[in-house]
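Survey of secondary and tertiary structure
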Amino acid sequence: MQLIFMGPPGAGKGTQAQLLAALWKIPHISTGDILRACVVAKTDLGQKAQSYMDRGELVPDELLMDIVQERMNQPDAKSGWILDGFPRTVPQAAFFDRLLCDVDGAGGSNSGKDCDLRAVNLDVPDNVLVTRLLSRGRQDDNEQTIRRRLQVYREQTEPLIEFYRNREQLVAVDGDREMQEVTAELQKALSGDS
Ligand code: ADP
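What comes next is a walk through the structure. Per chain, the residues get numbers from 1 upward, laid out in the order the sequence is written. With the structure being a predicted model, the display of local features is reserved for residues of pLDDT at least 70 and the display and counting of side-chain atom pairs for 80 or more, all residues being used for whole-chain, interface and lining totals. Side-chain descriptors were evaluated using all non-hydrogen atoms of the structure, hydrogens and water having been removed beforehand.

Any residue with at least one heavy atom within 4 Å of a molecule or strand is counted as near it. Close to the ligand lie 19 residues, the nearest being Thr31, Arg36, Glu57, Gly85 and Arg88. Within the side chain of lysine 13, one N or O atom sits 2.9 Å away from an oxygen atom of the ligand. Any pair of nitrogen or oxygen atoms within 3.5 Å is treated as a polar contact; in protein, a donor-acceptor pairing is required on top of that, and neighbouring residues in sequence qualify only through side-chain atoms on both sides. Note that a nitrogen atom of the ligand is positioned 3.0 Å from one of the backbone N or O atoms of valine 59. Placement of the ligand is best described as lying within the largest pocket. If one sorts the elements of the shell around the ligand by residue count, helix H2 (residues 31-40) sits on top with 4 residues. Each residue gets one of three labels, nonpolar for Ala, Val, Leu, Ile, Met, Phe, Trp, Tyr, Cys and Pro, charged for Asp, Glu, Lys and Arg, and polar for the others, Gly among them. Along the lines of polarity and charge, the residues of the shell around the ligand split into 7 nonpolar, 5 polar and 7 charged. Residues are called lining when one of their atoms sits within 4 Å of a cavity or pocket point, these points coming from a 1 Å grid over the protein atoms alone, where a cavity is a set in which a 1.4 Å probe fits but cannot get out and a pocket is an open set with protein on both sides within 12 Å along at least five of seven lines. Should more than half of a molecule's atoms lie within 2 Å of a pocket's or cavity's grid points, that molecule is taken to sit in it. Secondary structure elements are defined from DSSP: runs of H or I of at least 4 residues count as helices, runs of E of at least 2 residues count as strands, and each element is numbered from the N terminus.

This is how it looks when you write it as structure tokens:
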């Protein structure tokens, strides 16, 4: 299983990704979690990333590419994974195609079509997202930052939905429902022979 979880901040991708990864015994790789760990550990990367995260801006692509490349080369990422929060921009998606085809040993092709990849989008309306994020209370969950994150999502990440739809790799799920219902629908859509 090679899954990308997309969706706006607060859509529940982290929760669902964690649950399904545990169920399917594959790693849940969250770039947000990795970045927050770097901030806490005060690494170089963490120090560079923190101001972007606090403002609700995306951390520069180059930093993410290094993080993801290193993580995808770990032994536990060989047979499958759920990637949560990456790719988030068109350049990140293009980079990821190249990386994936290398990791796969498919060599050469950068269309991404040969890769056994599916991209899940969890769709949730903005008013629901804002309410959810305000009640979560993470450091970057204040109203101003939330608004900026939603705007950045619409501008930079939403275009990826079309990108994966055009490649017939998109699985779209309504995320504005009870958590268990969303999990059940994801399981149905992703396991089996679809
Ligand atoms: P959310 O999706 O709820 O905003 P995440 O934990 O996925 O939360 O991300 C938190 C922050 O980490 C983002 O606002 C952004 O600054 C940074 N970040 C995470 N993933 C990426 C990425 N792929 N590219 C750029 N920045 C990222």
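So, next bit.
This part takes up the pattern of salt bridges. Each reported salt bridge corresponds to a side-chain nitrogen of Lys or Arg within 4 Å of a carboxyl oxygen of Asp or Glu. Summed over all chains, the structure comprises 14 salt bridges. Taking the shortest distance from any N to any O, the salt bridge between aspartate 140 and arginine 138 comes out at 2.8 Å. Between buried and exposed lies partly exposed: a residue is buried under 20% and exposed over 50% of the maximum accessible area for its type, with that area taken using a 1.4 Å probe on protein chains only. On the accessibility criterion, arginine 138 (27% relative accessible area) is partly exposed. Put simply, arginine 177 and aspartate 174 hold a salt bridge, and the shortest N to O gap is 3.9 Å. Judged by its relative accessible area of 26%, arginine 177 falls in the partly exposed class. Among the charged side chains, a salt-bridge network with shared partners connects Arg136, Arg138, Asp140, Asp141 and Arg149.

Turning our eyes to something else, we now look at the sheet that holds strand E5 (residues 170-174). Read across the open sheet, the 5 strands follow the order E2-E3-E1-E4-E5; overall the sheet is parallel. Single-partner strands in this sheet number two, and they are strand E2 (28-30) and E5. Strand-to-strand, the axes of this sheet are offset by a mean angle of 20°, without reference to chain direction. Residues are treated as being in contact if the distance between any of their heavy atoms lies within 4.5 Å. Here an angle of 0 to 180 degrees is reported between the N-to-C directions of two axes, which are lines fitted to C-alpha atoms, with helices fitted over the stretch in contact. Its contacts with the sheet put helix H1 (residues 13-24) on strand E1 (2-6), E2, strand E3 (81-84) and strand E4 (117-123), and the angle it makes with E3 is roughly 170°. Each of E2 and E3 touches H2; the most contacted strand, E2, lies at about 60° to it. By the convention used here, strands pair only if DSSP detects at least 2 bridges between them.

Cis geometry is found at the peptide bond from phenylalanine 86 to proline 87, where omega equals -5°. Tracing the chain through its elements places proline 87 in the loop between E3 and helix H5 (90-103). The phi dihedral of glutamate 168 is positive, around 60°, even though this residue is not glycine. The exposed category is assigned to glutamate 168, whose relative accessible area is 74%.

A word on the packing of aromatic side chains. To pair, rings of Phe, Tyr and Trp, with the six-membered ring standing in for Trp, must have centres within 6.5 Å; the planes then decide the type, stacked if under 30 degrees apart, edge-to-face if over 60, and tilted in the middle. Counted under the stated rule, the structure contains 3 aromatic pairs. Both rings, one in tryptophan 81 and one in phenylalanine 96, keep their centres 5.7 Å apart while their planes meet at 70°; by these two values the pair is edge-to-face. Linking tryptophan 81 in strand E3 with phenylalanine 96 in helix H5, this pair joins segments that are 15 residues apart in sequence. Accessibility expressed as a relative area gives 0% for phenylalanine 96, which makes it buried. Members of the aromatic cluster, each reached through a chain of ring pairs, are Trp81, Phe86 and Phe96.

This part covers the layout of surface pockets. For the largest pocket, the calculated volume is near 960 Å³. Looking at the lining of the largest pocket, the elements that each hand over two or more residues are E1, H1, E2, H2, helix H3 (44-55), helix H6 (126-136), helix H7 (143-157) and helix H9 (179-190). Per-class residue counts for the lining of the largest pocket are 18 nonpolar, 16 polar and 13 charged. Grid points are joined across faces, edges and corners, and a volume is the space filled by probe spheres set on the points.

What follows concerns the environment of isoleucine 67. The topology assignment puts isoleucine 67 in helix H4 (residues 61-72). Residues isoleucine 67 and arginine 167, spaced 100 residues apart in sequence, show a C-alpha to C-alpha distance of 25 Å. When residues no more than four places from it in sequence are discounted, the contact partners of isoleucine 67 are Ile34, Leu35 and Leu45.

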